[in-house]
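# Descriptive structure summary
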Amino acid sequence: MFPQKAEVTVTPGKGDYAVVLHGLEWIGNKTAKTAEFLAGEGYATVLIRYPSRDLTPDEVIRNHVLPAIKENCTAPGKRSISSVTLWAAS
């Protein structure tokens, strides 16, 4: 089921940030497994789940992704933010 508002899970790490997003289709726990893998590689991960069926891509970015990044990617010394988006294969 798609969340009605953004759900953000942060895993601290010593490296730069990796923001993990899902595509239009919800991919279950694949995003969480990806975030877990990246955390194991040293990234500080920010997993953002958002209502992808009710909003345009611009609304998703403006209302969910950017606020989550601004709120959670604030640690001094981390310079880079990379994103990973998972798309469902048909």
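Nothing here was measured: the structure is a model prediction, and the numbers come from that model.

## Side note on helix H2 (residues 57-72)
An α-helical turn contains 3.6 residues, so a residue and the one three or four places further along point in the same direction. The end-to-end C-alpha distance of H2, which contains 16 residues, comes to 21 Å, matching closely the 22 Å that a straight helix rising 1.5 Å per residue would cover. If you look at H2, its biggest bend is around 30°, right at Val-65, and the proline Pro-67 turns up within four residues after that. For H2, every residue scored as buried is listed here: Val-60, His-64, Val-65, Ala-68 and Ile-69.

## What about the confidence of the model for the protein?
Of the residues in the protein, 84% reach a pLDDT of 70 or more, and the chain-wide mean stands at 81. By mean pLDDT, the top-scoring element of the protein is strand E3 (residues 44-49) (90), and the lowest-scoring one is strand E4 (residues 81-86) (77).

About the cut-offs
- As a convention, each chain's residues are numbered from 1 in the sequence order in which they are written.
- The predicted nature of this model means local features are confined to residues of pLDDT at least 70 and side-chain atom pairs, given and counted, to a pLDDT of 80 or more, with totals for whole chains, interfaces and linings taken over all residues.
- Only hydrogens and water are set aside; all other atoms, that is, all heavy atoms of the structure, feed into the side-chain values.
- Elements are defined by DSSP. Helices are runs of H or I of four residues or more, strands are runs of E of two residues or more, and each kind is numbered from the N terminus.
- The span you would expect from a helix comes to 1.5 Å times its residue count less one.
- For a residue, the bend is simply the angle between two axes, fitted respectively to the seven-residue segment ending there and the seven-residue segment starting there.
- For every residue, the accessible area obtained with a 1.4 Å probe (protein chains only) is divided by the maximum for its type, and the residue is called buried under 20%, exposed over 50%, and partly exposed between those limits.
- As a per-residue quantity, pLDDT reports the predictor's confidence and falls between 0 and 100.

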